[in-house]
Amino acid sequence: MDLPAELLISLHPEPFEPLELLAAWELAAQALAPLAAAESHFIGRVRPVAADGTALEALELEHYPGMSERRLQDLAQELAERHGVSRVRLAHRVGRVRPSEAIVLVTVAADRRGPAQRCAQELLEALKHEAPFWKREWSGGVGTWVEGNTPF
Amino acid sequence: MDLPAELLISLHPEPFEPLELLAAWELAAQALAPLAAAESHFIGRVRPVAADGTALEALELEHYPGMSERRLQDLAQELAERHGVSRVRLAHRVGRVRPSEAIVLVTVAADRRGPAQRCAQELLEALKHEAPFWKREWSGGVGTWVEGNTPF
Amino acid sequence: MPAPEATPTITVRLFARLREQAGWGERTVPLGEGVVSAAEIWERLGLGPIPLPAPLRIAINQQFAVADAQLRAGDELAFLPPISGG
Amino acid sequence: MPAPEATPTITVRLFARLREQAGWGERTVPLGEGVVSAAEIWERLGLGPIPLPAPLRIAINQQFAVADAQLRAGDELAFLPPISGG
């Protein structure tokens, strides 16, 4: 892959539909060239239970405007280059997210399945640890900051 | 995950739209329970070039009716159990497939990202080697059987 | 008139390159006397020498099997060239 | 009337749990004399003792930085509790 990867990154203060974003992304790609031979997607959604087992009302996602977009861009670019993939689509919610709503969409298109899968997987891990987002669980009217991530 | 995984497997003699299958699959899941916290998808499409570098007209996918469906079912079930995932959606083309059309869709829903990603990845490798499908590349009016798979 | 005694047979199926090389995809084959293995059918039908080439696989009744698996009347035996799915 | 001499300042930002504990999210802080590090600002603002707790991270002008990075007038310094994105 000699051309630089095309990256599309967006933050969403309102709910987004992962499959609609994917459809728009594929449509835009198709206008330029045949769709890639391999596409790997990951959708993360809010669990209905908090870490302590109680019912979750909502997950609040705080972020660092400006820095979060830049970090996501840098992480996507770095991993896209390392794996030689052609396109990356990344969407992340911010604000108050309700159970079963999507928090994150990671999509990678490449000429081979290995790079597409590995890049999508590594990008997901990278953004969980290397981009300034913070989760607070709301349960029974009480907010609790989540420090660290769920086990892989 | 104590319940057995829900498996949905289909063979398609005509082109299928991966995102439409996914939308229908999510809709059916949503009717029963909140969507899973982690969903991993893979879409494989036909490359526009044959193994020898010439332009590909079409890929012909021969299969063993009856055995191919059963093998896909068994592989999905075995891997779903091993990884403890909740839902698997698998679609595979047969017949004459044109460049950039989808050949395969592998989707796994689970409560955690690790099992969803690993199960989707292993299921893709398994079906490439353990289900009776055979590819023939058509290029310049000549058909060439493909033995083995593209590198990972 | 009494029905003719049924000859025990199996169905043999070939796929992809093997089917094209042989010029047929499905045949009913008499099982003959004694125990018969998949490999013996391969040889008897002139599909090639035994042992079978390593990349070929065998299925009996749509389940993978080994070359010396014994066949029974009514079985469906298939010879499968190297798989290339997905 | 001559403009008052500009005092060199930086902007300090806190997020999530840190912001709530401190009761503020953004402040303009005079840089003072001599070289000043991120860790010194942390201590000076009464955010906690130094060295900073290991899980905290620092950003200067929206790039990750180390605790003893030197600050310059106009910098945006942020203290970031453990990240939990995705």
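Thresholds applied
Residues numbered from 1 in each chain as written. Chains lettered and ligands numbered in written order. Predicted model: local features only at pLDDT ≥ 70, side-chain atom pairs only at ≥ 80, totals over all residues. Heavy atoms only, no water. Buried < 20%, exposed > 50% of the residue type's maximum accessible area, 1.4 Å probe, protein only. Helix = DSSP H or I, 4+ residues; strand = E, 2+ residues; numbered from the N terminus. Pairing = 2+ DSSP bridges. Axes fitted to C-alpha atoms, helices over the stretch in contact; angles between N-to-C directions. Contact = heavy atoms within 4.5 Å. Buried area = accessible area lost by both parts, 1.4 Å probe. Salt bridge = Lys/Arg side-chain N within 4 Å of Asp/Glu carboxyl O. Least-squares fit on C-alpha atoms with pLDDT ≥ 70 in both. Phe/Tyr/Trp six-rings, centres within 6.5 Å; stacked < 30°, edge-to-face > 60°. Core = buried A, V, L, I, M, F, W, Y, C linked by side-chain atoms within 4.5 Å. Parallel < 35°, antiparallel > 145°, perpendicular 65-115°, else oblique. Left-handed = near helix turned anticlockwise from the far one by under 90°. Nonpolar A, V, L, I, M, F, W, Y, C, P; charged D, E, K, R; others polar.

A.B. asks: Before we go on, may I ask you to explain the pairing of strand E5 (residues 76-80) of chain C in this structure?
C.D. replies: Residue and element names in this part refer to chain C. Extensive coverage of E5 is indicated by the burial of five of its five residues. Burial of the side chains of E5 extends over both faces: Glu76, Ala78 and Leu80 are buried on one face and Leu77 and Phe79 on the other. Of the pairings in the sheet, the one linking strand E1 (residues 9-14) to E5 comprises four bridges and is parallel in character. Across the sheet, Arg13 pairs through a bridge with Ala78, a residue of E5. As defined by bridge partners, strand E3 (residues 57-60) adjoins E5 across four bridges and the pair is classed as antiparallel. The residue bridging Arg57 from the neighbouring strand is Leu80, located in E5.

A.B. asks: Can you walk me through the sheet that holds strand E2 (residues 38-45) of chain A in this structure?
C.D. replies: Across the sheet, which stays open at both edges, the eight strands sit in the order E1(A)-E4(A)-E6(A)-E2(A)-E2(B)-E6(B)-E4(B)-E1(B) with mixed pairing between neighbours. Strands at the two margins of the open sheet, each flanked by one partner only, are strand E1 (6-12) of chain A together with strand E1 (6-12) of chain B. Here the average twist between neighbouring strands, direction ignored, is 5°. Sheet analysis places E1 of chain B next to strand E4 (residues 87-93) of chain B, joined by seven bridges and oriented parallel. By the bridge assignment, Glu6 of chain B is partnered in E4 of chain B with Arg87 of chain B. Those strands touched by helix H2 (residues 67-83) of chain A are E1 and strand E4 (87-93) of chain A, and its axis lies near 150° from that of E1 of chain A. Where helix H3 (residues 113-130) of chain B meets the sheet, it contacts E2 of chain A together with strand E2 (38-45), E4 and strand E6 (102-110) of chain B, and its direction lies at approximately 150° from that of E6 of chain B.

A.B. asks: Before we go on, may I ask you to explain the interface of chain A and chain B in this structure?
C.D. replies: Put simply, an interface is often sized by how much accessible area is lost when its parts join up. Between chain A and chain B, the residue contacts involve 32 residues of the former and 32 residues of the latter. When chain A packs against chain B, close to 3,200 Å² is buried across both sides, 49% of that on carbon and sulfur atoms. Across the contact surface, chain A and chain B share eight salt bridges. For Glu26 of chain B, the salt bridge identified is with Arg45 of chain A, shortest N-O distance 3.0 Å. Contributions of two or more residues to the side of chain A that touches chain B are made by helix H1 (18-30), E2 and helix H3 (113-130) of chain A. No other element matches H3 of chain A, which puts nine residues into the side of chain A that touches chain B. Where E2 of chain A meets E2 of chain B, seven bridges bridge the pair, whose relative direction is antiparallel. Following the sheet pairing, Ser40 of chain A is matched in E2 of chain B by Phe42 of chain B.

A.B. asks: Is there a simple way to think about the relation of the copies chain A and chain B in this case?
C.D. replies: The two chain copies are connected by a rotation around an axis plus a translation along it. Rotating chain A by 180° and translating it 0.0 Å along the rotation axis places it on chain B, where the RMSD comes to 0.0 Å. Read as a symmetry element, the transformation amounts to a two-fold axis. Looking at the rotation axis and the C-alpha trace of chain A, the residue lying nearest is His41 of chain A, at 2.4 Å. Take the interface residues of chain A: 100% of them recur as interface residues in chain B, which is what a same-surface contact looks like.

A.B. asks: Got a minute to help me understand the pattern of salt bridges in this structure?
C.D. replies: A side chain with one charge can pair with a side chain of the opposite charge if their charged atoms come near. Tallied over the entire structure, the rule returns 30 salt bridges over all chains. Among the ionic pairs, Arg113 of chain B bridges to Glu125 of chain A, the shortest N-O distance being 2.7 Å. With Arg113 of chain B in helix H3 and Glu125 of chain A in helix H3, the pair connects residues from two separate chains. Among the ionic pairs, Glu20 of chain C bridges to Arg136 of chain B, the shortest N-O distance being 2.6 Å. Note that Glu20 of chain C is positioned in helix H1 (residues 16-22) and Arg136 of chain B in strand E7 (residues 133-139), a pairing that runs across two chains.

A.B. asks: How should I be thinking about the packing of aromatic side chains in this particular structure?
C.D. replies: We describe a pair of aromatic rings using the distance from one ring centre to the other and the angle between the two ring planes. A complete count under the given rule lists six aromatic pairs over all chains for this structure. For the ring pair Tyr64 of chain B and Phe15 of chain C, a centre distance of 4.4 Å and an interplane angle of 35° mean the geometry is tilted. Separated into two different chains, Tyr64 of chain B in the loop between strand E3 (58-63) and helix H2 (67-83) and Phe15 of chain C in the loop between E1 and H1 make up a pair that spans both. Among the residues examined, Tyr64 of chain B registers a relative accessible area of 0% and is labelled buried.

A.B. asks: Any chance you could explain the arrangement of the chains here in plain terms?
C.D. replies: With three pairs of chains in contact overall, the contact-richest pair is chains A and B. What separates chain A from chain C at the closest point of their C-alpha atoms is a distance of 11 Å, and the two make no contact.

A.B. asks: Whenever I open this one, the interface of chain A and chain D confuses me. Can you help?
C.D. replies: Contact with chain A, which involves 26 residues of that partner, is made by 21 residues of chain D. Carbon and sulfur atoms supply 50% of the area that chain A and chain D bury against each other, a total of about 2,100 Å² over both sides. When the buried area of chain A at its contact with chain D is split by residue, Tyr64, Met67 and Trp134 of chain A rank highest and sum to 31% of it. Counting every contact that joins chain A to chain D gives three salt bridges.

A.B. asks: What exactly am I supposed to notice about the nonpolar core here?
C.D. replies: Judged by nonpolar contacts, the single largest core of 65 residues is most densely connected at Leu90, Val104, Val106 and Leu123 of chain A together with Leu72, Val106 and Leu123 of chain B. Setting aside chain neighbours within four positions, we find Leu90 of chain A in contact with Leu8, Ile9, Ser10, Leu72, Val104, Leu105, Val106, Leu123 and Leu127 of chain A.

A.B. asks: Would you take a moment to explain the packing of H2 of chain A against H3 of chain A for this structure?
C.D. replies: Helix-helix packing: each pair is described by the crossing angle between the helix axes and the interaxial distance. Residue and element names in this part refer to chain A. Relative to each other, H2 and H3 sit at 150°, their axes nearing to 10 Å. Considered as vectors, H2 and H3 are oriented roughly antiparallel to each other. Here H2 runs over H3; the crossing is right-handed. Here H2 contributes Arg71, Leu72, Leu75, Ala76, Leu79, Ala80, Arg82 and His83 to the contact with H3, which in turn contributes Pro115, Arg118, Cys119, Glu122, Leu123, Ala126, Leu127 and Glu130. Of the residues that constitute the contact of H2 with H3, the class distribution is 10 nonpolar, one polar and five charged.

By themselves these figures say nothing about function.
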